[in-house]
Structures are given as structure tokens and as C-alpha cells.
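The chain contents come next:
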Amino acid sequence: MRWLRGLAAGVGLALMPLAVHAQSVVVPADALDALIADAGLEGRVAHVNGPRTLHLGAEADMLHLGPASRLLVTLSALRLAERGLLDLDAPVKALYPGLHDRFLFEHWPTARQLMAETGGFAVPPYIGQTAKLDPYLQRSDPPGIWPREDVAGWALLVAIVETAADKPFGDIMRDEVLVPLGLTVADWQAGDGPQTQLAVLAAKGSNRLVATLARLLTRNRDAAAGRYLSPELFDALTADLAWSIPLSPDGRTSGLMLRHSQGRRYLMSLPGCGVTFTAYPDADLTLIFKPVEPCTPVVNIGSLAMMVAASFVPPAPDVTFADPVLPARLQSVDGLFRARPETPNPSLQARFRQVLQPVLGLYAPVEGGGYLQIDADVRVSIASRNGWRWETGAGQVLALDPAAPFDRFVLDGRVYERVAPTAEARYALWPLALILPILISGIAFRRVRVHRGWRFTGTLSAVTLLLLGAGVAGEWFLWAPALYDWDMPWLVTCARIVLFTGLLAAMGLTLMMLALLKDPAPPRNLLTRFHLLVLGLAGLATVILAGVWGLASSFSAT
């Protein structure tokens, strides 16, 4: 009998890998397909349902990975961390010594924050022809504040992973992802481009790779049915929050978005154009949203994700969180707020577009009701739940950020930040209709022959217009190509020097106005003197307006 028990144990061990992959299908495929069709996404959604992969296509077909490329970078970083080659909580300055101190981070982001897309880097307007990584690494916020689609942060993480492993990312992919998951080098292909770290983010992958990643989000198993990641690091990927939405159990893990709907938990890959996932670990199910060229965002992914969760995922115990203590001076939150840009960058074009965004008025006492003033004609009532959270009649939730309750709140997933009244477009842009004609009219003072001070004012008006026009044009047209195509940031610095000189000339108009109005010399014509007064005020308004637009910032291109 002993030999029979030994034989049974041996057979059991031999069949263990098959048992792992032979779990029953939890979700009825027909019912799931019906939900997908009702959402209008038939043909765009495949699913890994238990051991089965449905509607994805031929295994060898290549897809533009997009956001799935970031998941591959995350997996590589987690595998290196498991082997002790990478400290996820160390500042990136220590992990990648090639960084320059010019970024002036008060606290450098960590590799974990880069995976959560809270590194604080600005989003470049496009990917150019420069082979350097530095131009893309521009600070926008302190790290850990708010997540965004952080192309620069992911490129930096690729460089950090290459530094930690001391080999190119293609070899890291082979050793840490492809081979352990039973794939080959033919299943992944890096994108094209002069900047190698950014090219990794433009990679293509086979349907076999996509299905394997989808299954990995619910089963921590490698090709040999062993653990692919340690339990702690798998939890870091799928459960532990690296950043959370204020007053919410939802947020970002180290590489994914964690969501809850009526007590049901699910994971979503980071957004973008390409392959995206929605995974339900408690149902052994992952939806795969296939890319469509040209990129067309799927607007109802979120509603489909919640419908699938409500239909097929068993509810977990309620997720609770403690409300923060209200500051004693927080009696009401009144002011103007504007949606935080999804892809902020320091270019003048981006700042100009931000000025054009509508401003939202919030008038909300901590106790009782308040309202949102969306525009001059639309007012939405809100009711307070606990002083930190309000709800509209339509069920929209508004939550203050406990870190900055006077200055920031979240409404339906969008971040709104306080702005000054002068940040409204009517205050920031319409004055141009008055200022420009006045500055142009100042050139007429060059015809005043009786006093050289008055003639100099006319010359100064012409110089001001010329310098401001050249500086703004340089900032508008040269900023992006100088950084990302030509690798000539000094061109932007030159444009800003010209712009700042123009602002100094505009201030000179104001000083000339004060000096000449005190001068009893002719002309004594009241209309001419009033013209001079208006011209000086226009010069002062030009400087103020430059501050509102963020033009008067720094000489550095970044």
C-alpha cells in the first residue's frame, strides 16, 4: 500500500500545473457577451474567463499595447525588487544618478510613485526626435499629489530598471516577463523612435502575450504553475494602494487602478490608446479592450465594468474609511475652481488653453446645502453629507481633498483647483482688445517734435510691441520643437529673454508716463496727456496679464 500512496502522490504532483489551469469557468460566457453587446462594445472586448480566452483572435497577431506596455514595465520593476536589485521606495535620484538637480524637486518621487503615475512630471505635448530623456523630465507638481498619464515618468522608470539590471530593457523583458510566463521574444516588439525608453512604451505584443497578462491579473502564476511574484509584491500590484482618491477606498496601486462598486472590487489598467484591461480577481475574469486605429477612446468602459461587477462578482465586506477631522476654521468653501488639466505641460499653448477652460463656482457651507455655479444660467444644488462630501440631485459626489480642503476637490473623478477671479477668460483675455490698440497708438508720440521725452515714449512703445511679439511667438512656436526635436533648449531661453525684456519695456512705459505727466513742458493738450496716461496704464496691465498667463515665470526652458 505504501508504494500505491507514493504513486498517487507522484501523479498528483505531476498533474498540479494542469489543476491550476483547469479551474471551472465562473462567469457564463453568453451572459457576459450579452452585457458587452448591450454596452455597444461588441467586437471591441475580449475576455479571459477562467482557463478560456474568447474573442481575442489568432495568438500570433500583434497589437499596439499602449497602456499594457506600462504594465510590462511594472512587472519588470516588481521582479527586480523581489530579487533585491531595486528599492521601490527609494527616491529616483538615488536609483538613476544621471538625473540633474535642475528639476528642483523638494522631495524626489520614488519608483513606486512612478508606477502609480504620481511622480509629478509634466506631460510632453508630443514625442519628438531627440534621443535624450532629459527634455521630457519637467516638473509639474510635487510627487504623490495627483495621478495623470505620465509618459515621462514611465520612460524614467524604464531607465531605472535598465540601470538596476545593468542590461537593456529587451533583455529584461525576456528574462523577467516573457520566459517566466512561457512566452518567447517573438511575442513582444519594442516601438520605433530615437528615444529608447519612450520606444518601449510604444511596443507591440502578440495576442498570446495580451491573454497571458490578462490572466496574470487574477492568477499569480508563472508557466510552471509557481508564483510569478511574491504575495507581498502581487498585493502591491493588485490590492495595496500607493495613492488613494480623497475620502474613497479607490485609487492607484503600483501599476493599476483599484475600483469598488457596491462592495465589489475590480482592477483597471491605466488609461490610454491601446490594449487596456479590467480584471475581477474574485471572479477569475479579465476583460480585454482591444485597440482601434486611429485611437478612439471607449467612453463607456466604466459603466460596463460596474455592470459586470454587479452581475458576476460576489460582494466583499464593506470597505470603510474614517472621515478626517474638520479644521476649526473650515466653515464654508466658497470660490472659483477650474478642472485640473489632464495633460499639463509648461508650454504657452497649454497654459493658454487652460485659461480658456470654464470656471466652476462652489458655494458650500460645511453644514447644510450649497450649490455649484456652472455658468451664468446653470446652478446645481448640493447637499452636505459630513462636511467633506456633498452630493447633487443626480448622484454626483463632490469630495474635498483633506490635504488642501480650501483649494482642491474631486467631482466625478475630475480634480478641481481654486483659481483667482482674474483667471477667468473674460478677465485674462478680453483686456487684449484694449491693450494692443493702446500700445500701437503709443507709436504716434514719435511725431511729437518739441520734446525728446515724448518722442522716446513713442519709440519705447514700438520696441515694447516688437519685443513682446517676438518673445510670445518664440514661446508659442519654438518651445516644443526646440526641446523635443532639435535638442536646442537655449532657443527657448533666448525667446524668454526677449519676452522678459519686452515686459521691462512695458514697465518703462508706465515710468515714462509718471515722469512726463509731472513735466510742465509741452504739449499741454489735455487729450494728449490723457493718451499718455492710458498708455502707461496699458504697459502696467501688460505686465499683470503676463503674470496671469504664467509668462513671467523663469528663463529656463523647462
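Residues numbered from 1 in each chain as written. Predicted model: local features only at pLDDT ≥ 70, side-chain atom pairs only at ≥ 80, totals over all residues. Heavy atoms only, no water.

### With respect to the packing of helix H12 (residues 348-355) against helix H15 (residues 452-484)
Running from N to C, H12 and H15 cross one another at 95 degrees; their axes reach a closest spacing of 7 Å. As judged from the angle between their axes, H12 and H15 are roughly perpendicular. Residue-level contacts link Leu-348, Gln-349, Arg-351 and Phe-352 of H12 to Val-472, Glu-475 and Trp-476 of H15. For the contact of H12 with H15, a count of residues per class yields four nonpolar, one polar and two charged. (Axes fitted to C-alpha atoms, helices over the stretch in contact; angles between N-to-C directions. Helix = DSSP H or I, 4+ residues; strand = E, 2+ residues; numbered from the N terminus. Parallel < 35°, antiparallel > 145°, perpendicular 65-115°, else oblique. Contact = heavy atoms within 4.5 Å. Nonpolar A, V, L, I, M, F, W, Y, C, P; charged D, E, K, R; others polar.)

### Thoughts on the sheet that holds strand S17 (residues 397-400)
With antiparallel pairing, eight strands are arranged side by side around a closed barrel as S12-S13-S14-S15-S16-S17-S18-S19. Averaged over all pairs of adjacent strands, the angle between their axes in this sheet comes to 30 degrees, without regard to strand direction. Note that strand S15 (residues 379-384) and strand S16 (residues 389-392) share three bridges and pair antiparallel. By the bridge assignment for S16, Ser-384 is matched with Trp-390. (Pairing = 2+ DSSP bridges.)

### Examining the nonpolar core
A general feature of soluble globular proteins is that nonpolar side chains tend to end up buried together. Trp-188, Phe-277 and Tyr-280 are the most contacted members of the largest nonpolar core, which has 99 residues in total. With 10 residues, helix H6 (residues 151-165) is the single largest residue contributor to this core. Apart from residues lying up to four places away in sequence, Tyr-280 is in contact with Thr-218, Arg-265, Tyr-266, Leu-285, Leu-287, Leu-304, Ala-305, Val-308, Ala-309 and Val-313. By size, the runner-up hydrophobic cluster in this structure holds 15 residues, among which are Val-333, Phe-337, Leu-398 and Leu-400. (Core = buried A, V, L, I, M, F, W, Y, C linked by side-chain atoms within 4.5 Å. Buried < 20%, exposed > 50% of the residue type's maximum accessible area, 1.4 Å probe, protein only.)

### A look at unusual backbone geometry
Note: most peptide bonds trans; most residues except glycine with negative phi. With phi around 55 degrees, Asp-284 is a residue other than glycine that occupies positive phi space. Position of Asp-284 among the secondary structure elements: in the loop between strand S10 (276-280) and strand S11 (285-289). Positive phi, normally seen in glycine, also occurs at Asp-487, with a value near 55 degrees.

### A look at the pattern of salt bridges
For the coordinates displayed, the defined rule picks out 17 salt bridges. Through salt bridges with shared partners, a single network forms among Arg-70, Glu-117, Glu-149 and Arg-252. (Salt bridge = Lys/Arg side-chain N within 4 Å of Asp/Glu carboxyl O.)

Function cannot be inferred from these measures alone, as they are strictly geometric.
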